[in-house]
Amino acid sequence: MCSAPATFTDGFHAEDSCNCMQYSTLGKTGLEVSKISFGAAVFSSIYGEFEAKEAEATLVQALKSGVNYIDTAPWYGQGQSEECLGLILKDVPRSAYYIATKVGRYCTDYKNMFDFSAKRTRESVERSLELLGLEYVDVIQVHDIEFASDVGVVINECLPELENLIKEGKARFIGVTSYSLNHLKECILRAPGKFDVVLSYARYTLMDNSLESYVKFFQNENLGIVCASGHAMGLLTNCGPQAWHPASDEQKQLCRKAAKICEEAGIELGKLAMYHFLQLSGATTFLTGMKTRHALDMNLNAFYCGLNLKEQEVLQLLKDTVFTKSFNWEGVELERYWSAMENLQN
C-alpha cells in the first residue's frame, strides 16, 4: 500500500483507491504522479465520436481511483479536448489533479499546423487556460518539436516565453514531446536544465521498444518520463486505428492479425498492449487515452491484476508469431508535412 499523494482531497477521493495506486516523483518537479495517467486526446474527434456524459464519468472515476495526472493539447480537436476538460473539471477540486497541456501544434491545415514563435506560444497558453477554466497548468509542453523548421526557434523563442509564463504563475514546469527520440535528445542537450518533463509516445509497445534505450539519458537529465500511448494510437486494439494513422498498410495488417487472434480467443488486444506497456522500467507515468469507463476498468485491471493464464499465453503467442520484429512509422508524418509545405510555396 502506498501513502496518499498530495492530490488526495477529502470529500472527493476514496482513500482506499488512492492507497492502491502507485505514485512516483516526476523528475525534478516534485509532483507525485500516478503510475497510470489520463490522456485526454480521446475527448476530441481525433479518435472518433465520444459521448460527453460518458467522458465525464470516465474522467471523474479515474480521478477518484487515484489517477492524478491529465494530459491534453490545443491540437486535440483544435481546442475540443481542452474545452471538454474545462466543463468536467469545474466540478472537481483543483487540488485533486495535475494537468499538462501543450504549445506548438494547432490547426489541421498544413500552413497553420505548427507555430513555435513566442507570440503564438503566449496566445496558446492563455487560450488553453480560458478553455480549461484554470488559472494555471502544472506542465506546459512543447508539442512535436521535430516539425520545427529549426530546433533553434524552440530554444530561442518558445522556451523563453514559457519561462516568462511560469514567472507569471500561468504554468509551473516545462516539458517537451516528440515521436522522434533523436529530436528529443537533441533539443534537451541544446537547452540543458531547461526542461522538467519529457513525453514520448508509441515508442514502448508490443511492436517498438525504442524508448528503452533512451531512459537512462532522460534520467541522467533529471527529467520526469511520461511514457504515452501503449496502444500505439489505437493500432494495438481489437477495433483498430483511425483512418489517419500514419502506420503503413503492412504494419496495420500485422496489428489486425494480432487483433483477430485476440478476438478468436475472447481477449482484448488493448489489455495485452497495456500490460506490456506498463513493464518499462524507469518511466514515471504511463499515459493512456480512455473515453469510456470500460476502457478505464480494463487498463486499471491490467495494472492491478496483470493477465490471467489465457491472456499470458496469447500475449506470448503474439510475441512469438506476430510481433517478431520492431517497427515504427518515424519520418512518415514529417515527410508528408514538408512535402505539403513545399507545394504551398510553389
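No experiment lies behind these values; they were computed from the predicted model shown.

### Examining the overall build of the chain
Helix and strand counts for the chain come out as 12 helices and 10 strands. Relative to the 2.2 N^0.38 estimate, which gives 20 Å for 346 residues, the radius of gyration of the chain is 19 Å and therefore close to what a compact globule would have. Seen along its three principal axes, the alpha-carbon backbone of the chain occupies a region of about 55 × 55 × 40 Å. Restricting the contact set of the chain to residue pairs at least 6 apart, pairs at least 24 apart contribute 76%. Put simply, the chain shows about 14,600 Å² of open surface, and 48% of that area lies on carbon and sulfur atoms. For the chain, the centre of its 32 positive side-chain charges and the centre of its 44 negative side-chain charges are spaced 1 Å apart.

### Remarks on the nonpolar core
Ranked by size, the top nonpolar core spans 127 residues in total, and within it Phe-43, Ile-70, Phe-195, Phe-218, Leu-318 and Phe-323 carry the most contacts. The element contributing the most residues to this core is helix α5 (residues 151-167), with seven residues. Leave out the neighbours within four places in its chain, and Phe-218 touches Leu-181, Leu-184, Ile-188, Val-198, Leu-211, Leu-223 and Ile-225.

### Observations regarding the state of the cysteines
Here, disulfide denotes a covalent bond that connects the sulfur atoms of two cysteines. If you walk through the whole model with that rule in mind, you get zero disulfides. Here Cys-107 stays free of any disulfide, with the sulfur of Cys-158 as its closest cysteine sulfur at 16 Å.

### Quick look at helix α4 (residues 118-132)
Helix length check: α4, at 15 residues, gives a terminal C-alpha distance of 21 Å against a target of 21 Å (1.5 Å per residue), a fit within 8%. For α4, the full list of buried residues reads Thr-121, Ser-124, Val-125, Ser-128, Leu-129, Leu-131 and Leu-132. Each buried residue of α4 sits inside an arc of 165° when the element is viewed along its axis, so together they form one side. The exposed residues of α4 that point more than 90 degrees off its buried face are Lys-119 and Glu-130. Where the residues of α4 are buried, they touch α3 (80-89), β5 (98-103), β6 (137-142) and α5. One or two steps after α4, the chain reaches Gly-133, where phi turns positive at roughly 70°.

Parameters and conventions
Residues numbered from 1 in each chain as written. Predicted model: local features only at pLDDT ≥ 70, side-chain atom pairs only at ≥ 80, totals over all residues. Heavy atoms only, no water. Helix = DSSP H or I, 4+ residues; strand = E, 2+ residues; numbered from the N terminus. Rg over C-alpha atoms; globule rule 2.2 N^0.38 Å. Contact = heavy atoms within 4.5 Å. Areas by Shrake-Rupley, 256 points an atom, 1.4 Å probe, with all protein chains shown as cover. Lys, Arg positive; Asp, Glu negative; His and termini not counted. Charge placed at Lys NZ, Arg CZ, Asp CG, Glu CD. Core = buried A, V, L, I, M, F, W, Y, C linked by side-chain atoms within 4.5 Å. Buried < 20%, exposed > 50% of the residue type's maximum accessible area, 1.4 Å probe, protein only. Disulfide = S-S within 2.5 Å. Expected span 1.5 Å × (residues − 1). Arc of directions from axis to C-beta.

Just geometry here; none of it tells us what the structure is for.
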